[in-house]
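# Summary of structural features
As a plain string of letters, each chain reads:
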There are 2 protein chains.
Amino acid sequence: MTTARRHATLEDVARAAGVSRSTASRVLAESGFASPIARERVRDAADRLGYVPNAAARALVRGAGVRLLVAVAGTSPGVLDDSYLDQVVSTTAQVCAPYGLGVTVAWVPLDQPGQLARLADDRAVAGLVLVNTTEALLDVVPRRLHGRTASIGIGSTAVPSVDIDNGGGTSAIVRHLYAAGRRRIAMVTGPAWLACSRRSVEAYRGLLREAGLPVREVAGDFSAARGRSAAREVLHRWPDTDAIVGISDATALGVIDQLRADGVRVPADVAVTGFDDIPLASVTALTTASHPVRRIAAAAATMVLEQRPAPPTTMFPSSLVLRESA
Amino acid sequence: MTTARRHATLEDVARAAGVSRSTASRVLAESGFASPIARERVRDAADRLGYVPNAAARALVRGAGVRLLVAVAGTSPGVLDDSYLDQVVSTTAQVCAPYGLGVTVAWVPLDQPGQLARLADDRAVAGLVLVNTTEALLDVVPRRLHGRTASIGIGSTAVPSVDIDNGGGTSAIVRHLYAAGRRRIAMVTGPAWLACSRRSVEAYRGLLREAGLPVREVAGDFSAARGRSAAREVLHRWPDTDAIVGISDATALGVIDQLRADGVRVPADVAVTGFDDIPLASVTALTTASHPVRRIAAAAATMVLEQRPAPPTTMFPSSLVLRESA
DNA sequence: TTGTAAGCGTTATCAT
DNA sequence: ATGATAACGCTTACAA
C-alpha cells in the first residue's frame, strides 16, 4: 500500500506499462487492438497502481452522462415524500452503483410536463426512469435519451415500460368480493391522470357491469385522509354498500378507520380491500394485492443501463393476498 | 421552443452575449468580476438558449467528483434492503439534485472496513455519507474526503456527525415505564457493534441501577423475528417481567405479537415499547420514541455539500410518543 | 473589467 | 499493433 500517492491516471498507467496512453486506453476499455504483451503489462500496471478510471473525464469525452434521473410526475413536490418512491430511488441507486452512475430524483409538475425537458437536457443525465408516467410526459422525453429511458407504468413506442397488471389485480379483488357474497361494491378511485389508477377503475366497472351490479365510485387520491372522508361519502350516498375497494392500502386503511369509528363492522358489515401490500397491510390484516416494487424498479433501471432492445412492456403480476378485512 | 438545436455550451452563450467564454463562466458561476452589462447579457443569453452547465466537464476541471456515496456498514448486503435506508438515500438524492450530484449506495462489510477505501478512492466520489457508522469506518475515510464526509451516527474529529439522542430517548421511555409503576423492566438490545444501540443499552442500565431495579437484557438484532423469540426468552428467564423495552419498533412489534399469541396481555400484563416511530407504530398503537429521519439525512447531506465548518456533532432529539402499548 | 490560453483525464481519429 | 493529436466543456491563472 502506497501512502499519500496521488490518484493514478491513465497516463501513469501507460508510463508504468511502457506504452502510450492510447494503447492503455484500448486495453482498459476493451476496445480496439492490442498485443497480448501490451495487454498484460497494462493490466498489471493498472492494478498495481490501483487505477480507477475518472468517470467525469470519461463522461465528458463520450458525452455519456454520469447519473440517472428518476423523474416523478405529480401535482406537488409532496410526491417526493413517499415510501414507494423511496424504494424506487434506493433500488435504482443500488443497481446503478456497479456502473459508476449516481442517481437523482426530481419532481415534474403534472401541468408542466415540459419541465422534464429542462431536467433531462443536462448532458450529465445518462438515463431516465419515469415514475407516475403520463402520456404527456412520454412525449417530452428528449430524443437524445431515447433508448436510455424506461417508464414505471405506461410506456410508448419510444419508451419501454415496466408495469403492474393493475387491471388483473383489481379484477381478482372484485371477484373475490363477489365470491364472498358481496353485491354492493363501491370503489374509492385514484387520480384520473394516472393510467394505473384508470386501469383499476376500468377493471372494476367492467366486472360489475358484467355481473349486473351497480357501479359506485367516489374520487380519491391514494391518501388515507381521503379514505376516511370517502368512507362517509360512500355510506351516505349508498347506505347498503357491503364492500369498499380502495385504490391503495393507505386509502383502505383510512376507510377502515372511519368505518370502525362510525360503528360499522369490518368485514362483517362492509368488507374493505387495499392495493400494494405495504408492510402495514399485513399487520392490520388488510386484504390486498401485492406487488414486487423493488424488482420492478430494478427492472426499469436495468433497462436503461443495459439498453438492449427491451420488449415494449414488461408486466409484473399482481397477486391477491387474502387477510381479514375482506 | 427551438426544435432539434444542439445542446448549448458555455461557448454558445458567450458568443450570443458577445463576450468571452471566461466572462460568461464568471457570471454564471457567480465567481469573479463582471460588469453589470455583461452580467445581464450573459444571463439573458443563457436562459434564452436554455443553457445547462455540463456537470461532467465541471467536475473534471475542478477534480470535484460527480456523485455522493452513501456507505452503509453491516454484516450482510441485506442492510441495503431496509426502509430506513431507503429514506436516507431518497432524501439524499433530493438534496443533491440542485447541486447536480447523483447518489450511490454501497454496503461495507462490517469486518472489512477497508472496503470503504476502495469505494471512496474513486475521484468521481464528491462526498461521503456514512450510515451505521463504526469507529473502524471513521478511521478509513480517505484524507481526500475529509471535510466532504458526514456520518449519521457517531463521528470523529475528522468527520462531523448527525446523531440521534438515543440515550435521552431510551431514558425517557424507561422513566415513563417506571412512572407507570413498572418495576421489572427487560430490554431486547441491538447489535453491540452499533454505537446507537450501545447508548440505548447504557441508558437503560444506568437508570435501572440507579433505581435499584434488576437489569434484564436479551441480545437482539433490530428484527421482528428476534423480537418474537426474545419475548419468550425474557418470560422464560424472568417470569415476573412487567415491561419489555425494544431496541426498535420492529423488535417491539415482534415482542407484542409473540406475547399476545402466548396469552399475555399487552399492556395489562407486560408493557412494550419500541424505538423510531415507523408508520406501523401509530397503527399498532405502539408507545415509542420518534425521530426525524428525513431531516437527519438532509442535514448530513447538506453538511457534505456545503462543507462549511460544521459542529462536530449535531444532535437530533428523540421524542417520546405515548400510545397504548405502554 | 475582460480576454487568452492552459489544462482536467479520457476516448477516438488518424497516420505510422 | 501502436502512438501522436485533437476534441469533450468547463474553470482559472495570468495578461491586457
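Residues numbered from 1 in each chain as written. Chains lettered and ligands numbered in written order. Predicted model: local features only at pLDDT ≥ 70, side-chain atom pairs only at ≥ 80, totals over all residues. Heavy atoms only, no water.

Chain A has the name LacI family transcriptional regulator in an unreviewed UniProt entry, where Micromonospora gifhornensis is given as its organism.

### A few points about the sheet that holds strand β6 (residues 185-188) of chain B
Strand pairing in a sheet relies on backbone hydrogen bonds. The paired strands run either parallel or antiparallel. All names here are of chain B. Strand order in the open sheet formed by four strands is β7-β6-β8-β9, with parallel pairing between adjacent strands. For this open sheet the edge positions go to β7 (216-218) and β9 (271-273), each flanked by a neighbour on one side alone. Between one strand axis and the next, the sheet turns by 20° as a mean value, whatever way the strands run. Sheet strands touched by helix α8 (residues 166-179): β6, β8 (243-246) and β9. Its angle to β6, the strand with the most contacts, is close to 150°. Here helix α11 (residues 249-261) sits on the sheet in contact with β6, β8 and β9, set at roughly 155° to β9. (Pairing = 2+ DSSP bridges. Helix = DSSP H or I, 4+ residues; strand = E, 2+ residues; numbered from the N terminus. Axes fitted to C-alpha atoms, helices over the stretch in contact; angles between N-to-C directions. Contact = heavy atoms within 4.5 Å.)

### Side note on helix α1 (residues 10-17) of chain B
Three- or four-residue spacings in an α-helix give side chains the same orientation, since the helix completes a turn every 3.6 residues. Residue and element names in this part refer to chain B. The set of residues buried in α1 consists of L10, V13, A14 and A17. Buried residues in α1, looked at end-on, bunch into an arc of 100°, giving them a common side. Buried positions along α1 lie against α2 (21-29) and α3 (36-49). Capping of α1 at its N-terminal end is provided by T9; its side-chain oxygen lies 3.0 Å from the backbone amide nitrogen of E11. After α1 finishes, the residue G18 shows a positive phi value of roughly 70°. (Buried < 20%, exposed > 50% of the residue type's maximum accessible area, 1.4 Å probe, protein only. Arc of directions from axis to C-beta. Polar contact = N/O pair within 3.5 Å; in protein donor to acceptor, adjacent residues only side chain to side chain.)

### Concerning the protein's contact with DNA strand D
Around DNA strand D, the structure places 23 residues, and the nearest of them are R26(A), S35(A), L10(B), Y51(B) and R58(B). The contact atoms of DNA strand D, taken as those within 4 Å of the protein, divide so that sugar and phosphate hold 55%. For DNA strand D, a base nitrogen lies 3.5 Å from a polar atom in the side chain of R21(A). Looking at the surface near DNA strand D, the elements with two or more residues in it are α2 (21-29) and α4 (55-62) of chain A together with α2 and α4 (55-62) of chain B. Looking at the surface near DNA strand D residue by residue, the classes come out as 11 nonpolar, eight polar and four charged. (Near = heavy atom within 4 Å. Nonpolar A, V, L, I, M, F, W, Y, C, P; charged D, E, K, R; others polar.)

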